[in-house]
Amino acid sequence: MRVTLLGTGDTTGTPTVGCNCETCQAARERGVERTRFSVHIENEHTGESLLIDASPDFRYQFLRDDVSLPDAAVITHIHFDHLDGLGNVFRLLDELTVYAADECDPKTGKSVAQTVADDYHYLNAVSVSPTTPFEPLSVCGLEVTLLPVAHPPLVCYGLTVTDPETGGKLSITGDTSYGLSAHTREALADPTLLLADGIVPAHLCAHHPIGGRDYHEGVPYTFGTKHMTREGALALADELNADRARLVHLAHYYPADEAFEEPLAVDGEQYVL
Ligand SMILES: [Zn+2]
Ligand SMILES: [Zn+2]
Ligand SMILES: [Zn+2]
């Protein structure tokens, strides 16, 4: 499978609109960017494509990276930066099956699947397939498993995508703190490629209204309650024994001299697993 990182930024992206911070300026100078989160996965054996999350930057991402339109999609959770691009499929696709979790979110009283179905009831192309976490399903000739993660107050899911032809395994943490359950960690383990939420470096927790969480030897692995720090994401990559890890969902708050260091991803990176 061919994995294209369509969007590697947080909800404002880098550069951020109206921002002239050193990191946004450095991105412009280098000609790199981090649009809102999305991953494109092409099964090269079947020619089918699976989209992970519908970025508000959908149209731009597909034009820029020249990838094929999706045959199916997964929505990890209902935040704007992961869901609100779904309307882009209007007049582009006749049929798109969207896989999303079937568990009721106590916060909304609905599952992610139900919210997607309600929000896009007017789009005939979209049909939602409620999906049970931890139960693998076959999509586009790939094995896909949704995994609950920790992104309070909403339910949110990471996932694994395995290519049965090559044995390649992609693990995506989704938007999450370091507080992942043992069951989810076990399922994410031993990936060929890990995409981990590492929104900011740990030292920026000093600027968060509630600071950091999940301290290990004085270093916070969680930023606030919703995302991992760079250090948390790197520790998770280590613990999961990832062959390769890229940090994603990155904010422009990374200082300019740290924002483009390895293993921080930028848009357009491709990996064949
Ligand atoms: Zn900026
Ligand atoms: Zn989110
Ligand atoms: Zn997000």
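Bear in mind that the values here come from a model prediction, so they are computed numbers and not experimental data.

**Student:** Could you clarify how one ought to interpret the coordination of the zinc ion (ligand 2) in this entry?
**Tutor:** On the protein side, the zinc ion (ligand 2) has H77 (NE2), H79 (ND1), H151 (NE2) and D175 (OD) as donor atoms, found 2.2 to 2.4 Å from it. Between the 4 donor atoms coordinating the zinc ion (ligand 2), the angles at the centre fall across 91 to 168°, so the site counts as irregular. Counting along the primary sequence, the residues that act as donors to the zinc ion (ligand 2) give the motif H-x1-H-x71-H-x23-D.

**Student:** It is not clear to me how the pairing of strand β9 (residues 157–162) should be interpreted in this structure. Could you clarify?
**Tutor:** Regular strands place side chains that alternate from one sheet face to the opposite one. Within β9, 5 of the 6 residues are buried, which leaves it mostly tucked inside the rest of the structure. Pairing analysis gives 6 bridges linking strand β8 (residues 142–148) to β9, with the strands arranged antiparallel. Among the inter-strand pairings, V144 is bridged to a residue of β9, identified as V161. Direction of pairing for β9 relative to strand β10 (residues 169–172): antiparallel, over a ladder of 4 bridges.

**Student:** What's the story with the packing of aromatic side chains in this structure? I'm lost.
**Tutor:** Ring pairs (aromatic) are described by centroid distance and by the angle formed between their planes. This model, assessed by the stated rule, comprises 3 aromatic pairs. When the ring of F58 is compared with that of F62, the centres are 4.3 Å apart and the planes differ by 20°; the resulting orientation is stacked. One end of the pair, F58, and the other, F62, are both in helix α2 (residues 58–65), 4 residues apart, so they sit about a helical turn from each other. Look at F58 and you get buried, because its relative accessible area is 3%. Centroid distance Y120 to Y122: 6.1 Å. Interplanar angle 35°. Geometry classified as tilted. Note that R185 overlies the ring of Y178, its terminal NZ or CZ placed 4.6 Å from the centroid.

**Student:** Even after reading the chapter, I still don't get the coordination of the zinc ion (ligand 3), so can you show me in this structure?
**Tutor:** Tetrahedral coordination by four donors places them ideally at 109.5 degrees to one another around the metal; octahedral coordination by six donors ideally gives 90 or 180 degrees. Protein-derived coordination of the zinc ion (ligand 3) comes from D81 (OD), H82 (NE2), D175 (OD) and H249 (NE2), at a distance range of 2.1 to 2.2 Å. For the zinc ion (ligand 3), the 4 donor atoms in the first shell make angles of 89 to 171° at the metal, a pattern classed as irregular. Mapping the donors of the zinc ion (ligand 3) onto the primary sequence yields the spacing D-H-x92-D-x73-H. In this structure, the zinc ion (ligand 3) lies 3.4 Å away from the zinc ion (ligand 2), the two metals sharing D175 as a donor. With a gap of 167 residues between them, H82 in helix α3 (residues 80–83) and H249 in the loop between β15 (245–248) and β16 (270–272) connect regions that are remote in the sequence.

Criteria and thresholds
Residues numbered from 1 in each chain as written. Chains lettered and ligands numbered in written order. Predicted model: local features only at pLDDT ≥ 70, side-chain atom pairs only at ≥ 80, totals over all residues. Heavy atoms only, no water. Donors = N, O, S within 2.8 Å, 3.2 Å for Na, K, Ca; no water. Tetrahedral: all angles 85-135°; square planar, octahedral: opposite > 155°, others 65-115°. Buried < 20%, exposed > 50% of the residue type's maximum accessible area, 1.4 Å probe, protein only. Helix = DSSP H or I, 4+ residues; strand = E, 2+ residues; numbered from the N terminus. Pairing = 2+ DSSP bridges. Phe/Tyr/Trp six-rings, centres within 6.5 Å; stacked < 30°, edge-to-face > 60°. Lys NZ or Arg CZ within 6 Å of the ring centre and 35° of its normal.

So yeah, pure geometry; function would need other evidence.
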